[in-house]
Amino acid sequence: EAAQLVILSESNSTVIDESNVELLSDNASLKLGESIYKQNCKICHGNGGKGMQGSGPNLTDQYWKHGGGVNNVFKTVKYGVIEKGMVPWKDNLSPSKIQQVVSYILSLQGSNPEGAKEPEGDLWVPEKQ
């Protein structure tokens, strides 16, 4: 009996959500994520995720206001944090695009860009697998 292969496309990518999203590490996905970041996130989070004074936090350190890791960051991007000025992106970006931009953001960890904003939030220590 042959195993059925399921191909995810933009149309059925809604199966990706904060409970099952996986971190992407291939160059193509990270390049797409970088493009989405530059178009939508850079205005508040700065070049390379360094953060902006009076605006978005630094995304390159290990401190997170709403939890780190792919599941928490996906949820934050999807639903936003209205009271902090972070808009929800679920109506503007497909789940696969959110996955790509979150994977790009998490690829910035430890990059220590010049002029990075001070850490905010709590230290995120990933659970051991």
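Figured I'd write up the structure that's included with this text.

A few points about the pattern of salt bridges
(1) Moving on: This structure, assessed with the given rule, holds 6 salt bridges.
(2) Moving on: Shared partners join several salt bridges into a network, and the residues in it are Lys31, Glu34 and Lys38.

Observations regarding the environment of Ile105
(1) Moving on: Relative to the elements of secondary structure, Ile105 occurs in helix α4 (residues 95–107).
(2) Moving on: By relative accessible area, which is 4% here, Ile105 ends up buried.
(3) Moving on: Put simply, Ile105 and Gly49 are 56 residues apart on the chain and 7.2 Å apart in space, counted from C-alpha to C-alpha.
(4) Moving on: For Ile105, the residues in contact, after removing those within four places along its chain, are Tyr37, Leu59 and Trp64.

Remarks on the layout of surface pockets
(1) Moving on: Its volume calculated, the largest pocket comes out at about 560 Å³.
(2) Moving on: If you trace the largest pocket, you find 28 residues lining it, with His45, Gly56, Pro57, Thr76 and Met86 closest to the centre.
(3) Moving on: Elements that contribute at least two residues to the lining of the largest pocket include exactly α1 (27–40), α2 (42–45), β1 (63–64) and α3 (69–79).
(4) Moving on: Counting residues per element, the lining of the largest pocket draws most heavily on α3, which supplies 4 residues.

Some thoughts on the side chain of Gln100
(1) Moving on: For Gln100, the position within the fold is in helix α4.
(2) Moving on: Judged by relative accessible area, Gln100 falls into the buried class, the value being 13%.
(3) Moving on: Among all residues touching Gln100, those that are not within four sequence positions of it are Leu24, Ser29, Leu32, Gly33 and Ile36.

Structural notes on the environment of Lys65
(1) Moving on: Mapping Lys65 onto the fold places it in the loop between β1 and α3.
(2) Moving on: Looking at Lys65, the relative accessible area reads 37%, which means it is partly exposed.
(3) Moving on: Linking Lys65 and Trp124, residues 59 residues apart in sequence, is a C-alpha distance of 9.4 Å.
(4) Moving on: Not counting residues within four places of it along the chain, the set of residues in contact with Lys65 comprises Pro57, Glu120 and Gly121.

Conventions and cut-offs
- Residues numbered from 1 in each chain as written.
- Predicted model: local features only at pLDDT ≥ 70, side-chain atom pairs only at ≥ 80, totals over all residues.
- Heavy atoms only, no water.
- Salt bridge = Lys/Arg side-chain N within 4 Å of Asp/Glu carboxyl O.
- Helix = DSSP H or I, 4+ residues; strand = E, 2+ residues; numbered from the N terminus.
- Buried < 20%, exposed > 50% of the residue type's maximum accessible area, 1.4 Å probe, protein only.
- Contact = heavy atoms within 4.5 Å.
- 1 Å grid on protein atoms, 1.4 Å probe; cavity = no way out; pocket = protein on both sides within 12 Å on 5 of 7 lines; lining within 4 Å.
- Points joined across faces, edges and corners; volume = space filled by probe spheres on them.

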